[in-house]
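Overview (structure and organization)
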Amino acid sequence: MARLPEYLRALHNLAETGHETVSSEGLANAAGVNSAKLRKDLSQLGSYGTRGVGYDVGLLIDQIEYVLGLTQRRAVALVGVGNLGHALAGYDGFASRGFRIAALFDADQERVGEEINGLVVQHIDELPRVAAEESIAIGVIATPATAAQRVADQLVAVGVTSILNFAPCVLSVPEGVDVRKVDLAIELQILSFHEHRKASLTALPAAGGSALTALPGGLAVTESQEAIGT
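Residues numbered from 1 in each chain as written. Predicted model: local features only at pLDDT ≥ 70, side-chain atom pairs only at ≥ 80, totals over all residues. Heavy atoms only, no water.

1. Structural notes on the overall build of the protein chain
- When its secondary structure is counted, the protein chain shows nine helices and eleven strands.
- With 230 residues in all, the protein chain has 35% of them scored as buried.
- Intrachain contacts of the protein chain at a sequence separation of at least 6 include 49% that bridge at least 24 residues. (Helix = DSSP H or I, 4+ residues; strand = E, 2+ residues; numbered from the N terminus. Buried < 20%, exposed > 50% of the residue type's maximum accessible area, 1.4 Å probe, protein only. Contact = heavy atoms within 4.5 Å.)

Written as structure tokens, this is what we have:
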């Protein structure tokens, strides 16, 4: 399931550039996976392509969008219009992928009334009314970590059962509520690990030996131990 959005993104790009069909190799390259895995994934959708022709781009888009529940435009409420929230609210890519930013909220009275991408920021106290009027299906949290749990509770209370959390914290939600977490700092830390590992391997003595990574307190681990730790 996690790979289907990648296939869909690649297919939309192909459709926008005038491609009506695509080979498994071409789609796999565009999506960043190997072609065998792609063919296996798509076979689960009942889509096997045509030998010598490939996959029908439009048909495959329809199949994947159906599986992902994108045959209807889902209304999204975004809570928190600071720097990150402001950028998300102004992003035009959501609409072309089946989502409609229906409402913007913030607790800061100085933000309330601000217009972003055609929507006026409302106070978070208006969430129950707006959620009912707009049939909000998904909530996006872009608040500081200290406010995120409270916002999650408010979203759940008005019937939202899917939350995308950009706040750097872990949310506690009832069973049946799905949360996806996006933490940019964690992603940077993972990249930092890979940079550190590459630097350690580059520093290996020419005559061989083990890659040592210094640890606080004067300890060190070998490359094999480092791998076990990850």
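2. Thoughts on the nonpolar core
- Grouped together as the largest cluster of nonpolar side chains are 22 residues, with contacts concentrated most on Phe105, Ile136, Ile141, Leu155, Ile163 and Leu171.
- For this core, the leading source of residues is helix α7 (residues 145-157), giving four residues.
- Those residues in contact with Leu155 that sit more than four places away from it in its chain are Val79, Leu127, Gly139, Ile141, Val160 and Ile163.
- Within the second largest apolar cluster, 19 residues are counted, among which are Leu14, Ala28, Leu60 and Leu70. (Core = buried A, V, L, I, M, F, W, Y, C linked by side-chain atoms within 4.5 Å.)

3. Remarks on the pattern of salt bridges
- On inspection of all chains with the given rule, the structure shows nine salt bridges.
- In this structure, Arg9 engages Glu6 in a salt bridge whose closest nitrogen and oxygen atoms are separated by 3.1 Å. With Arg9 and Glu6 both in helix α1 (residues 4-16) and three residues apart, this pair spans about one turn of that helix.
- With a closest N to O distance of 2.9 Å, Arg129 and Glu126 form a salt bridge.
- Note on Arg129: relative accessible area 38%, which makes it partly exposed.
- Connected via shared salt-bridge partners are Glu126, Arg129 and Glu133. (Salt bridge = Lys/Arg side-chain N within 4 Å of Asp/Glu carboxyl O.)

4. Considerations on the sheet that holds strand β3 (residues 74-79)
- Across the sheet, seven strands lie side by side as β5-β6-β4-β3-β7-β8-β9; this open sheet has mixed pairing. Either end of the sheet is taken by a strand with one partner, and the two such strands are β5 (115-116) and β9 (178-181).
- Sheet topology places strand β8 (residues 162-165) next to β9; four bridges connect them, and they run parallel. When the sheet's bridge partners are listed, Ser162 is paired in β9 with Asp178.
- In the packing of helix α6 (residues 127-134) onto the sheet, contacts are made with β3, β4 (99-106), β6 (119-123) and β7 (136-141), and the angle to β4 comes to roughly 170°.
- On top of the sheet, α7 reaches β3, β7 and β8; it is set at about 175° to β7, its chief contact. (Pairing = 2+ DSSP bridges. Axes fitted to C-alpha atoms, helices over the stretch in contact; angles between N-to-C directions.)

5. Structural notes on the pairing of β8
- With burial as the criterion, only one face of β8 is covered, namely that bearing Ile163 and Asn165; the residues Ser162 and Leu164 on the opposite face remain uncovered.
- Note that β7 and β8 share four bridges and pair parallel. Its bridge partner lying in β8, Val140 is registered against Leu164.
- For the segment spanning β7, α7 and β8, crossover handedness is right-handed. (Right-handed = clockwise from strand over helix to strand, strands pointing away.)

6. Some words on the environment of Ala77
- Along the polypeptide, Ala77 turns up in strand β3.
- Here Ala77 falls in the buried class, since its relative accessible area comes to 0%.
- Sequence separation between Ala77 and Ile141 is 64 residues; the distance between their C-alpha atoms is 8.7 Å.

7. Quick notes on the UniProt feature "binding site: NAD(+)" (unreviewed entry) in the protein chain
- The residues that UniProt annotates with the feature "binding site: NAD(+)" (unreviewed entry) are Gly80, Val81, Gly82, Asn83, Leu84 and Gly85.
- Along the chain, Gly80 falls in the loop between β3 and α5 (83-89).
- Within the element layout of this structure, Leu84 appears in helix α5.
- According to the relative accessible area criterion, Leu84 is partly exposed, its value standing at 35%. (UniProt positions renumbered as here; feature names shortened; annotations may be inferred.)

8. Comments concerning the packing of aromatic side chains
- As enumerated under the stated definition, the model contains one aromatic pair in all.
- Here the aromatic rings of Tyr91 and Phe94 are separated by 4.9 Å at their centres, their planes lie at 90°, and the arrangement is edge-to-face. (Phe/Tyr/Trp six-rings, centres within 6.5 Å; stacked < 30°, edge-to-face > 60°.)

9. Some thoughts on helix α2 (residues 24-31)
- Along α2, the residues classified as buried are Ser24, Leu27, Ala28 and Ala31. For α2, the angular spread of the buried residues around the axis is 100°, confining them to a single face.
- Of the surrounding secondary structure, the elements contacted by the buried residues of α2 are α1, β1 (21-22), α3 (35-43), β2 (55-56) and α4 (57-67). (Arc of directions from axis to C-beta.)

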